[in-house]
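Working through the structure, step by step
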Amino acid sequence: MKDRLLGIFDKFYGGIKDRGSAKNDGDIKVYFAPGRVNLIGEHTDYNGGHVFPCALTIGTYAAVRLREDDRIRLYSDNFPDEGIGEIKAGSFKKLENPDWCNYPIGVMWTLKKHGYDVNRGMDIAFYGDIPDGAGLSSSASIEVLTAYMMNDLFGFGIELKDIAVLCQYSENKFNDSNCGIMDQFASAMGKKDNAIFLDTSTLAFEYAPVKLEGKELLIINTNKKHKIATSGYNDRRRESESALADLERDIDISSLGDLSIEEFEKYKYCIKDPVNKKRAKHAVYENQRTIQAVKALKENDIRKFGELMVESHISLRDDYEVSCREADIIVEEALKLDGVWGIRMTGGGFGGCLVGIVDSDKVENIKSSIGKIYKEKTGVDATFYDVSIGGGPALL
Ligand code: GLA
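Report on the accompanying structure. (Residues numbered from 1 in each chain as written. Predicted model: local features only at pLDDT ≥ 70, side-chain atom pairs only at ≥ 80, totals over all residues. Heavy atoms only, no water.)

1. Brief notes about the overall build of the protein
In plain terms, the rule: Helix numbering and strand numbering both begin at the N terminus, where a helix is a DSSP run of H or I of at least 4 residues and a strand a DSSP run of E of at least 2. Radius of gyration: over C-alpha atoms. The globule rule applied is 2.2 Å multiplied by the number of residues raised to the 0.38 power. Contacts are assigned to residue pairs with any non-hydrogen atoms lying within 4.5 Å of each other. Each accessible area is a Shrake-Rupley result for a 1.4 Å probe, and residues are judged covered by the shown protein chains and nothing else. Positive residues here are Lys and Arg, negative ones are Asp and Glu, while His and the chain termini are left out of the count. To locate a charge, take NZ of a lysine, CZ of an arginine, CG of an aspartate or CD of a glutamate.
Assigned secondary structure in the protein consists of eleven helices and 13 strands. Taken against the 2.2 N^0.38 rule, which gives 21 Å for 396 residues, the C-alpha radius of gyration of the protein at 22 Å falls within 12% of a compact globule. Reported as C-alpha extents along the three principal axes, the dimensions of the protein are approximately 65 × 50 × 40 Å. Relative to all contacts within the protein whose residues are 6 or more apart in sequence, the contacts with residues 24 or more apart total 72%. With the model as given, the accessible surface of the protein reaches about 16,400 Å², and the carbon-plus-sulfur share is 47%. Separation between the mean location of the 52 positive side-chain charges and that of the 63 negative ones in the protein comes to 2 Å.

Structural data, given as structure tokens:
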């Protein structure tokens, strides 16, 4: 992949005479930051609950060379028709075109706002092998990649955990997307063969080895991008906040993640709106499921882990209402098959991917059975990814 990035870089910048007199071609560096899949703990991160994601071996790459002037040029081989975006170091404003550039620009803007000044020009070529819109955090990976790269090139000395926080800030404030911390944290803090058990109310975390022994993770893309993903996400945040506000009038809590199931059942009468009550139920139960799932994994109880994954899906479908017909079909069909231990939608929802745990010796059969019936029922081809759990950002 490094060579591929160097090739892209050379094609777009190498032959260009005006290099702002960078010293020599050897100054090109190639970096990587991963995407993520969340095993369980969905829509809990902005509710003060727990999440359990892991970084993937797929993600976003960039080749970069500093310039002697203040021109920053950005090209992505995922959007070749959109050309090169250009800004000036220190003047980080949104670009109308290419708009994907607003992820890296947002990170530079955020860094500057926090006292880390990206004060030199550079040429950057990006390429990502995460499918776009699949809910595997291509945006978090380009954000973390940019922050990691700037941190290294400019010697800022920012810790990885703080990179995650800065990248979430960037996405919230520059890209106007109200996401929680999970995706950026998973990308920045990823560890090979481990998932990250993160308490989003304190950012305390621990790594948990994912040893599946004869079983593996299977990621299935519905290939359905739902238009209401952003508005639906923001609605859910509002509904959860409203439920919390009702509860706070009677009990002393600061997030839905503070509640046990018993406490929720005792106090749920405080939540006036029946829809908000369902949302809060999901947030509370999902948080407790995540805690139980990590315990099950530590005890090597994959059966229990899988059952909790399915409960998570049902709750996301019925109470949080962020699943979609396509994802529900895959879950329903997968559960009829031999060798499927658990499966659920993953990420924000309204389309995107599912994650399952399946027997390795049955995976091919599972893929073809699901692929066939999914096509029959929806007319769309599902895509299956053989991914492994990878580490965090790196200089290659
Ligand atoms: C998106 C957001 C995350 C999280 C998930 C749902 O991926 O970016 O912060 O809220 O949805 O769990």
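2. Focus on the sheet that holds strand β13 (residues 394–395)
Our working definition: The criterion for strand pairing is that DSSP finds at least two bridges linking the strands in question. Fitting a line to C-alpha atoms yields each axis, with helices limited to the stretch in contact; the angle taken between N-to-C directions then spans 0 to 180 degrees.
Spatial strand order, β5-β4-β6-β3-β1-β13: six strands in an open sheet with mixed pairing. Of all strands in the sheet, those with a lone pairing partner are β5 (85–88) and β13, marking the two edges. Examined bridge by bridge, strand β4 (residues 71–76) and β5 share four bridges and lie antiparallel to one another. Its bridge partner lying in β5, R71 is registered against K88. Packing of helix α3 (residues 138–154) onto the sheet brings it into contact with β1 (29–38), β3 (53–66), β6 (122–128) and β13, and relative to β1 it is tilted by some 145 degrees.

3. What to know about the packing of aromatic side chains
Filter applied, for reference: Pairing of aromatic rings covers Phe, Tyr and the six-membered ring of Trp, with a centre-to-centre limit of 6.5 Å; geometry is then stacked below 30 degrees between planes, edge-to-face above 60, and tilted otherwise. For each residue, the accessible area found with a 1.4 Å probe, counting protein chains only, is set against the maximum for its type, and the residue is called buried under 20%, exposed over 50%, and partly exposed in between.
Scanning all chains against the criterion turns up 16 aromatic pairs. Ring geometry for Y46 and Y233: centres 5.4 Å apart, planes at 65 degrees, overall edge-to-face. Of this pair, Y46 sits in the loop between β1 and β2 (50–51) while Y233 sits in helix α6 (residues 229–248); the two residues are 187 residues apart in sequence, bridging distant segments of the chain. Y46 sits in the buried class, given a relative accessible area of 12%. Judged by centre distance (5.4 Å) and plane angle (70 degrees), the ring pair of F185 and F205 falls under edge-to-face. Of this pair, F185 sits in helix α5 (residues 182–189) while F205 sits in strand β8 (residues 204–209); the two residues are 20 residues apart in sequence, bridging distant segments of the chain.

4. With respect to a negative patch on the surface
Keep this limit in mind: Patches draw on residues past 30% relative accessible area with no salt bridge. Two like charges within 9 Å are joined, as are two nonpolar side chains (Val, Leu, Ile, Met, Phe, Trp, Tyr) within 5 Å. Whenever a carboxyl oxygen of Asp or Glu lies within 4 Å of a side-chain nitrogen of Lys or Arg, that contact is scored as a salt bridge.
Taken together, the side chains of E248, D252, D258, E262 and E263 present a region of like negative charge at the surface. In this fold, E263 is placed in helix α7 (residues 261–267). Under the relative-accessibility criterion, E263 is labelled partly exposed at 35%.

5. Here we look at the sheet that holds strand β7 (residues 194–199)
Ordered by their spatial adjacency, three strands build an open sheet running β2-β7-β8, and the pairing between neighbours is antiparallel. Only two strands of the sheet have a single partner each, and these edge strands are β2 and β8. Bridge count between β2 and β7: two bridges; the pairing is antiparallel. Paired with H50 across the strands is D199, a residue of β7. Against the sheet, α5 makes contact with β2, β7 and β8, and its axis sits at roughly 135 degrees relative to β7, the strand it touches most.

6. Some points on the side chain of T60
Our working definition: Polar contact criterion, stated in full: a pair of N or O atoms within 3.5 Å, where within protein one must be able to donate a hydrogen and the other to accept it, and residues adjacent in sequence count only if both atoms are side-chain atoms.
By secondary structure assignment, the location of T60 is in strand β3. For T60, a relative accessible area of 7% gives the class buried. Within the structure, the side chain of T60 is placed 2.5 Å from the side chain of S141, a separation counted as a polar contact. Leave out the neighbours within four places in its chain, and T60 touches Y31, F32, A33, F126, Y127, G128, S138, S141, I142 and L145.

7. Focus on the packing of helix α4 (residues 160–173) against α5
Here is the rule we go by: Should the near helix be turned anticlockwise from the far one by less than a right angle, the crossing is left-handed, and should it be turned clockwise, the crossing is right-handed. Each residue receives one of three labels: charged for Asp, Glu, Lys and Arg, nonpolar for Ala, Val, Leu, Ile, Met, Phe, Trp, Tyr, Cys and Pro, and polar for the others, Gly being one of them.
In contact at an axis separation of 8 Å, α4 and α5 are set at 145 degrees when each is read in the N-to-C sense. Crossing of α4 over α5 shows right-handed handedness. Contact residues: α4 offers L160, K161, I163, A164, C167, Q168 and E171, while α5 offers Q184, F185, A188 and M189. Broken down by class, the residue content of the contact of α4 with α5 amounts to seven nonpolar, two polar and two charged.

8. A short note on the nonpolar core
Where we set the bar: Each nonpolar core is a collection of buried residues, namely Ala, Val, Leu, Ile, Met, Phe, Trp, Tyr and Cys, held together in the definition by side-chain atoms within 4.5 Å.
If you look at the biggest cluster of nonpolar residues, it comprises 45 residues, and the most contacted ones within it are V118, M122, I124 and M150. Not counting residues within four places of it along the chain, the set of residues in contact with M122 comprises V64, R65, L66, R67, R71, I72, R73, M150, L153 and F154. F197, L212, L217 and Y385 belong to the second-largest nonpolar core, a separate cluster that totals 30 residues.

9. So, the pairing of strand β10 (residues 340–346)
In terms of burial, β10 is largely enclosed, as six of its seven residues are buried. Two strands pair when backbone bridges link them, and β10 and strand β11 (residues 351–359) are joined in this way by six bridges, in the antiparallel orientation. Of the residues in β11, the one forming a bridge with G342 is I357. Following β10, the chain reverses through four residues before pairing antiparallel with β11; G347 in that reversal takes a positive phi of roughly 90 degrees.

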